Amino acid sequence: MIGHPIGHSKSPIIHNYWIAKYERAGLYEAIDIAPDDLHDGVQGLIKDGYAGFNATIPHKEALLTLCDTLDPIAKSCGAVNTVVIRDGYLHGYNTDAFGFLENIRAYKPDFDFTAGPAVVLGAGGAARAIIAGLINENAPIILTNRTREKAEILAREITQNAGQGGAVTIVDWKDRHNALSGVNVLVNTTSLGMVGQAALEIALDQLPQTALVTDIVYSPLETDLLKRAKERGHPIVTGIGMLLHQARPGFEKWHGVMPDVSKFLEDLVLK
Ligand code: ATR
């Protein structure tokens, strides 16, 4: 894992657990690389014989130009979080969309993303990956963000990349409460509701009882949004699974086995 700073990354716990579980040779390390040192730092990883790496803030965007090949999802997300090094070449992927979708499928394997619109709260990096995933599943999307312009830029860029597939409607942040009628999925991608952050204010009255509610915040594991949704009888999916599932494709590429996600691993990461 490369990033700056890197201290709080959970990825070494996840990958080293899988390395032991699946009896693979290797070690997953967290390496701090400052933004100005990215090129040299990555060259160092190639020289040292690493099979690849994950990237976090602030390297995800810069890796787009450093990689020799990019998967389509990394292109539409405008960010790389997983790199395979092969014969000195860098192959870039983004697995966050996969992580988001798999987390919901772990709850309901045949979840129908086309059954109605998905409302996405927030327009940062996480929203970008989640919207790319939802477009891939042909879900109509309603996007709302405090800064409307950021939502407009995101929608424009991502629908250009997705071609005809992407339908993103933008709603003003102040009108978010009224955007919930007839909705299939509600996802919070903002930092609101996280320990130490402001609360997420959204009235759930108009949300259909069957709508699934999920949050990328996993500290606390059951956010106020998820608690309120649960009380209203909605199916809920916590955010920790997205972190765990997004790690799986990288492990598969480096070690040749698709690892699984378990309650044990979830508890280990949350400890
Ligand atoms: P990430 O890359 O993890 O998604 P980010 O790019 O910092 O993080 O995005 C944070 C998101 O939370 C943004 O959508 C941000 O809204 P703005 O684009 O208007 O900044 C949203 N957010 C953060 N604090 C907020 C607040 N107090 N009210 C509403 N939205 C907030």
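Shown above is the structure to which this text applies.
Just so you know, these numbers come straight off a predicted model, no measurement behind them. (Residues numbered from 1 in each chain as written. Predicted model: local features only at pLDDT ≥ 70, side-chain atom pairs only at ≥ 80, totals over all residues. Heavy atoms only, no water.)

**Here's the deal with the nonpolar core**
Piece 1. In this structure, Phe 100, Val 120, Ile 131 and Leu 134 are the most contacted members of the largest nonpolar core, which totals 32 residues.
Piece 2. Sorting the residues of this core by element identifies helix H4 (72-77), helix H5 (96-107), strand E7 (118-121), helix H6 (125-136), strand E8 (141-145), helix H7 (148-162), strand E9 (168-172) and strand E10 (185-188) as the ones contributing at least two each.
Piece 3. In terms of residue count, the dominant contributor to this core is H6 (7 residues).
Piece 4. In contact with Leu 134, other than residues within four places in its own chain, are Phe 100, Phe 113, Ala 118, Val 120, Ala 139 and Ile 141.
Piece 5. With 19 residues, the next largest nonpolar core counts Ile 142, Leu 204, Ala 211 and Leu 226 among its residues. (Core = buried A, V, L, I, M, F, W, Y, C linked by side-chain atoms within 4.5 Å. Buried < 20%, exposed > 50% of the residue type's maximum accessible area, 1.4 Å probe, protein only. Helix = DSSP H or I, 4+ residues; strand = E, 2+ residues; numbered from the N terminus. Contact = heavy atoms within 4.5 Å.)

**Some remarks on the site of the ligand**
Piece 1. Neighbouring the ligand are 14 residues, the closest being Ala 123, Asn 145, Arg 146, Thr 147 and Lys 150.
Piece 2. Thr 147 has a polar side-chain atom sitting 2.5 Å from an oxygen atom of the ligand.
Piece 3. The side chain of Lys 150 places a nitrogen or oxygen atom 2.9 Å from an oxygen atom of the ligand.
Piece 4. Contact with the protein chains covers 67% of the free accessible surface of the ligand, which is 640 Å².
Piece 5. Taken together, the residues that form the shell around the ligand break down as 4 nonpolar, 8 polar and 2 charged. (Near = heavy atom within 4 Å. Polar contact = N/O pair within 3.5 Å; in protein donor to acceptor, adjacent residues only side chain to side chain. Areas by Shrake-Rupley, 256 points an atom, 1.4 Å probe, with all protein chains shown as cover. Nonpolar A, V, L, I, M, F, W, Y, C, P; charged D, E, K, R; others polar.)

**Notes on the pairing of strand E6 (residues 89-93)**
Piece 1. Sheet topology note: the strand E4 (residues 69-70)/E6 ladder contains 2 bridges and is parallel. From the neighbouring strand, Leu 70 faces E6, where its bridge partner is Gly 92.
Piece 2. Two strands pair when backbone bridges link them, and strand E5 (residues 82-86) and E6 are joined in this way by 5 bridges, in the antiparallel orientation. If you follow Ile 85 over to E6, its bridge partner there is Leu 90.
Piece 3. If you look at the hairpin formed by E5 and E6, you'll find 2 residues sitting between the two strands, and Asp 87 has a positive phi there, around 50 degrees. (Pairing = 2+ DSSP bridges.)

**Side note on the state of the cysteines**
Piece 1. Counted under the stated rule, the structure contains 0 disulfides.
Piece 2. Cysteine Cys 67 is unpaired, with the sulfur of Cys 77 as its nearest cysteine sulfur at 13 Å.
Piece 3. Assessed through its relative accessible area of 9%, Cys 67 is described here as buried. (Disulfide = S-S within 2.5 Å.)

**What to know about the sheet that holds E4**
Piece 1. Spatially, the 4 strands line up as an open sheet ordered E3-E5-E6-E4, and their pairing is mixed. Pairing within the sheet leaves two strands with one partner each, and these edge strands are strand E3 (52-54) and E4.
Piece 2. Across 3 bridges, the pairing between E3 and E5 is antiparallel. Bridging from a neighbouring strand, Gly 52 pairs with Val 84 of E5.

**Thoughts on the pattern of salt bridges**
Piece 1. Here the structure, examined in full by the defined rule, presents 13 salt bridges.
Piece 2. Put simply, Arg 148 and Asp 172 hold a salt bridge, and the shortest N to O gap is 2.8 Å. With Arg 148 in helix H7 and Asp 172 in strand E9, the pair connects residues that are 24 residues apart, well separated along the chain.
Piece 3. Take Arg 148: its relative accessible area is 35%, and that puts it in the partly exposed class. (Salt bridge = Lys/Arg side-chain N within 4 Å of Asp/Glu carboxyl O.)

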